[in-house]
Amino acid sequence: MTAELPLAAPDTVRTVAVRGIAARVSVRPGVGRFVHEPPLLLCNGIGVSLEVLQPLVDALDPERGVVRFDVPGVGGSALPPLPYPIAGLASWVSALMSKLGHREFDVLGLSWGGGLAQQLAVQSRKRVRRVVLVATGTGFLMVPAHPSVLAKMATPRRHRDPAYARRIAADIYGGTMRTDPEKGAQLLHAVTRSGPKRGYYYQLAAMTGWSSLPFLGLIRQPTLVMGGTDDPIIPAANPRLQARLIPHARLHLYDGGHLGIVTEADELAPVVERFLDEETPS
């Protein structure tokens, strides 16, 4: 007789008003052994909606609680009246988690969302239990991508033009996109929702002049730093540096590209799971 696999609670996608901004959120409640555990908050990359992270959510323990959201001005979240700094967004995200009833949470940030995760770790240190940084850097003080890659990242065109996304996927994402660029176009167009162009530029502006490098030593939570060895956007020197400067960090480099946590979720989600399941030091 085979053991039955645990069933995940269904995701609920709804709109929540936070400080006057209508936010589109997806919540999967924790069940079973995770019913009283802090959920995992997922912070997405630039210009994409919460659906992009679905392969990762599907690969995580189905009993683990997961919260996803569209950044203001992206996907189904309302455009804020003015651009915001990353510290202001971190405060808004903390308010969102309070509104959802979560005093404590773990956070995983991918790419641009990794900057938000680092800011949350120091700004809401009493609420963030564990941190996972995936394919992310330290802001303007980091080992930069090639100028041709940065030029392609400067506009939201790849999110709006499937043919263009297919053409540049190998150059900017690396990894399996080099042999299957259609996968990149699918991630950006088949599942994600586009918001107004201004939302993308607000995200870019939020990181202007920001760097986590001066405060990495203040991130005291257990931290898992993950990076791909074939990531054109975030060269591997960046996760190596983060893991060296964050006091309680460990490094996991994988053979893959910028979106490996999504395209190879079955391989990398267990790494995240093992880290989150470890006993947190008092």
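Note: the structure precedes this text.
Residues numbered from 1 in each chain as written. Predicted model: local features only at pLDDT ≥ 70, side-chain atom pairs only at ≥ 80, totals over all residues. Heavy atoms only, no water.

**Looking at the environment of Ala 269**
Here is step 1 of the chain: The residue Ala 269 is located in helix H11 (residues 265–277) in this model.
Here is step 2 of the chain: Classification of Ala 269 by relative accessible area gives buried; the value is 0%.
Here is step 3 of the chain: Along the primary structure Ala 269 and Ala 59 are separated by 210 residues, whereas in three dimensions their C-alpha atoms are 5.9 Å apart.
Here is step 4 of the chain: Not counting residues up to four positions away in its chain, the partners in contact with Ala 269 are Leu 56, Ala 59 and Leu 60. (Helix = DSSP H or I, 4+ residues; strand = E, 2+ residues; numbered from the N terminus. Buried < 20%, exposed > 50% of the residue type's maximum accessible area, 1.4 Å probe, protein only. Contact = heavy atoms within 4.5 Å.)

**Looking at the side chain of Arg 68**
Here is step 1 of the chain: Position of Arg 68 relative to the elements: it lies in strand E4 (residues 66–69).
Here is step 2 of the chain: Side-chain polar atoms of Arg 68 contact the side chain of Asp 11, separated by 2.9 Å.
Here is step 3 of the chain: Within polar-contact distance, the side chain of Arg 68 engages the side chain of Gln 54 at 3.0 Å.
Here is step 4 of the chain: Leaving out residues up to four positions away in the same chain, Arg 68 has contacts with Asp 11, Arg 24, Val 25, Ser 26, Leu 42, Leu 50, Glu 51, Leu 53, Gln 54 and Val 57. (Polar contact = N/O pair within 3.5 Å; in protein donor to acceptor, adjacent residues only side chain to side chain.)

**A few points about the sheet that holds strand E3 (residues 40–43)**
Here is step 1 of the chain: Sheet architecture is open: eight strands sit in the order E1-E2-E4-E3-E5-E6-E7-E8, paired in mixed fashion. Two strands bound the open sheet, and with one partner strand each, they are strand E1 (12–18) and strand E8 (249–254). For this sheet, the mean inter-axis angle between neighbouring strands, taken without regard to orientation, is 20°.
Here is step 2 of the chain: One ladder, built from six bridges, connects strand E7 (residues 223–228) with E8; its direction is parallel. Residue pairing across strands places Val 225 opposite Leu 251, the latter belonging to E8.
Here is step 3 of the chain: Contacts from helix H2 (residues 86–99) reach E1, strand E2 (21–28), E3, E4 and strand E5 (105–110), with the element oriented near 120° to E1. (Pairing = 2+ DSSP bridges. Axes fitted to C-alpha atoms, helices over the stretch in contact; angles between N-to-C directions.)

**Brief notes about the nonpolar core**
Here is step 1 of the chain: In this structure, Leu 41, Phe 69, Trp 112, Leu 116 and Met 226 are the most contacted members of the largest nonpolar core, which totals 86 residues.
Here is step 2 of the chain: For this core, the leading source of residues is H2, giving eight residues.
Here is step 3 of the chain: With sequence-adjacent residues up to four places away left out, Leu 116 is seen in contact with Cys 43, Phe 69, Ile 86, Leu 89, Ala 90, Val 93 and Met 207. (Core = buried A, V, L, I, M, F, W, Y, C linked by side-chain atoms within 4.5 Å.)

**What about the layout of surface pockets?**
Here is step 1 of the chain: Considering only enclosed or pocket space, the largest pocket measures out at about 620 Å³ in volume.
Here is step 2 of the chain: In terms of lining residues, the largest pocket is bounded by 23 residues, among which Trp 112, Gly 139, Met 142, Leu 150 and Met 207 are the most central.
Here is step 3 of the chain: When residues of the lining of the largest pocket are traced back to their parent elements, those giving at least two are helix H3 (112–123), helix H4 (147–153) and helix H8 (197–206).
Here is step 4 of the chain: In the lining of the largest pocket, the residues fall into 15 nonpolar, eight polar and no charged. (1 Å grid on protein atoms, 1.4 Å probe; cavity = no way out; pocket = protein on both sides within 12 Å on 5 of 7 lines; lining within 4 Å. Points joined across faces, edges and corners; volume = space filled by probe spheres on them. Nonpolar A, V, L, I, M, F, W, Y, C, P; charged D, E, K, R; others polar.)

**A few points about the pairing of E4**
Here is step 1 of the chain: A two-sided burial pattern is seen for E4, the buried positions comprising Val 66 and Arg 68 on one face and Val 67 and Phe 69 on the other.
Here is step 2 of the chain: Sheet analysis places E3 next to E4, joined by three bridges and oriented parallel. If you follow Leu 42 over to E4, its bridge partner there is Arg 68.
Here is step 3 of the chain: Once you follow E3 into helix H1 (residues 54–59) and on to E4, the crossover reads as right-handed. (Right-handed = clockwise from strand over helix to strand, strands pointing away.)

Note that every value here comes from positions in space, so none of it alone points to a role or purpose.
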